[in-house]
Amino acid sequence: MSESRAWPSLVMASALTLICAIIAGVAAGAAGAELTRGPSVAEIQQASAEETARRWQAWPAGEIFPALLPYVAEQGGQENARRVGISSRTDCAAAVDAALRTVLKAAGCRAVLRATYLDALQGVVVTIGVAAFPDQGSALAARAAFPPGGVPSPGLRALAFPQTVADRFTAAARQASSLAQAGPYLVLTTAGQVDGRPARSVGHQRSTIFSFASDLEDRILTTLATPARPDCAGKDWQC
């Protein structure tokens, strides 16, 4: 009698064991499929966005600010602006006028990289600033705080280098500005003349004398903000 009772119990135990084995196999198969599948479109897009947002920190300064930057001259034809120097400071507050510091901080500004360039005729100096933010929305919020119409103040601070052609480029010498935004980056320029003449003493000025600054700005922004094709096997990617 006891043997007849034990038999159904053994059958049930065996069935439960089989079911557990099947469940474990299915789970292992799903886990294996998850580990071996390629990245999804959303994961690739996320990896690309994260790589772009890290460029200000990951790239060498000379890659962001090359020694020569081409632009279209006022008279037509292509010229090259020459880099005078790159700032070693990256803090946001030091790079802009006081009126803008609170806005940049609220928008999550991570850094502002600055370099100064000289035009081919050696008459105009331009400081270019790359402001890095966590994402596009933050960069757009910061952009809205800057004055429109090329007004240089409040704006990006001039970056002078002692004992160079840019040593007289001060806040008072700023005469024009521009800005552009793409992705998590805001690229700013402020321009003046090599002799350091104050903007208030200039009177009527040809606006085209500083228009090449926008070309420099666009080239740097395009390089920084254009998404790259993800390489999920590369050390700089997290897919």
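The numbers attached to residues start from 1 for each chain and follow its sequence in the written order. Owing to the predicted nature of the model, reporting of local features is limited to residues with pLDDT of at least 70; listing and counting of side-chain atom pairs is limited to 80 or more, with chain, interface and lining totals taken over all residues. Calculated side-chain values reflect all of the structure's heavy atoms, with hydrogen atoms and water omitted.

Participant: Run through the state of the cysteines, naming residues and quoting values.
Facilitator: Put simply, a disulfide is two cysteine sulfurs that come within 2.5 Å. On inspection of all chains with the given rule, the structure shows 1 disulfide. Linked covalently through their sulfurs, Cys92 and Cys109 form a disulfide whose S-S length is 2.1 Å. One disulfide, between Cys92 and Cys109, carries an S-S torsion of -90 degrees and so falls in the left-handed class. Taken together, the residues span a long stretch of sequence, with Cys92 in helix α4 (residues 92-95) and Cys109 in the loop between α5 (98-106) and β3 (111-118) at a distance of 17 residues. Relative accessibility decides the category of a residue: with a 1.4 Å probe and only protein chains considered, values under 20% of the type maximum give buried, values over 50% give exposed, and everything between is partly exposed. Given the relative accessible area of 13%, Cys92 is considered buried. Among the residues examined, Cys109 registers a relative accessible area of 15% and is labelled buried. Counting from the N terminus, the helices are DSSP H or I runs at least four residues long and the strands are E runs at least two residues long.

Participant: So, the packing of aromatic side chains: which residues are in play, and what are the values?
Facilitator: Pairing of aromatic side chains here covers Phe, Tyr and the six-membered ring of Trp, requires ring centres within 6.5 Å, and sorts the geometry by plane angle: under 30 degrees stacked, over 60 edge-to-face, intermediate tilted. A complete count under the given rule lists 1 aromatic pair for this structure. Consider the rings of Tyr71 and Phe212, whose centres lie 4.7 Å apart with planes at 40 degrees: the pair is tilted. Of this pair, Tyr71 sits in strand β1 (residues 68-72) while Phe212 sits in helix α7 (residues 212-225), placing them 141 residues apart in sequence. Each member of the pair Tyr71 and Phe212 is classed as buried.

Participant: Just give me the short version of the nonpolar core, but keep the residues and values in it.
Facilitator: Ranked by internal contacts, the top residues of the largest apolar core, which has 31 residues, are Phe65, Ile128 and Val130. The criterion used for residue contact is that any of the two residues' heavy atoms lie within 4.5 Å. Those residues in contact with Phe65 that lie beyond four places of it in its chain are Arg83, Ile86, Leu113, Arg114, Ala115, Tyr117, Ile128, Val130 and Ile220. Only buried residues count toward a nonpolar core, which is a set of Ala, Val, Leu, Ile, Met, Phe, Trp, Tyr and Cys residues joined through side-chain atoms within 4.5 Å.

Participant: Talk me through the sheet that holds β1; I want residue IDs and the actual numbers.
Facilitator: Between any two strands, at least two bridges found by DSSP are needed for them to pair. Within the open sheet, the 6 strands sit side by side as β1-β2-β3-β4-β6-β5. Their pairing is antiparallel. Of all strands in the sheet, those with a lone pairing partner are β1 and β5 (176-182), marking the two edges. Neighbouring strand axes in the sheet, compared pairwise and without regard to direction, differ in orientation by 30 degrees on average. The sheet strands contacting helix α6 (residues 136-143) are β5 and β6 (185-193), and the helix crosses β5 at an angle near 160 degrees. Strands in contact with α7 are β1, β2 (78-86), β3, β4 (124-132), β5 and β6; relative to β1, the strand with the most contacts, it is inclined by about 125 degrees. To obtain an axis, a line is fitted to C-alpha atoms, over the contacting stretch when the element is a helix, and the angle between two such axes runs from 0 to 180 degrees between their N-to-C directions.

Participant: Kindly report on the pattern of salt bridges, identifying the contributing residues and their values.
Facilitator: Salt bridge, as used here: a side-chain nitrogen of Lys or Arg that lies within 4 Å of a carboxyl oxygen of Asp or Glu. Summed over all chains, the structure comprises 4 salt bridges. With a closest N to O distance of 2.9 Å, Asp91 and Arg89 form a salt bridge. On the accessibility criterion, Asp91 (32% relative accessible area) is partly exposed. Between Asp195 and Arg197 there is a salt bridge whose closest N-O contact spans 2.5 Å. A residue is classified by how much of its surface remains accessible, and Asp195, at 33% relative accessible area, is partly exposed.

Interpretation in functional terms is not warranted from these geometric data alone.
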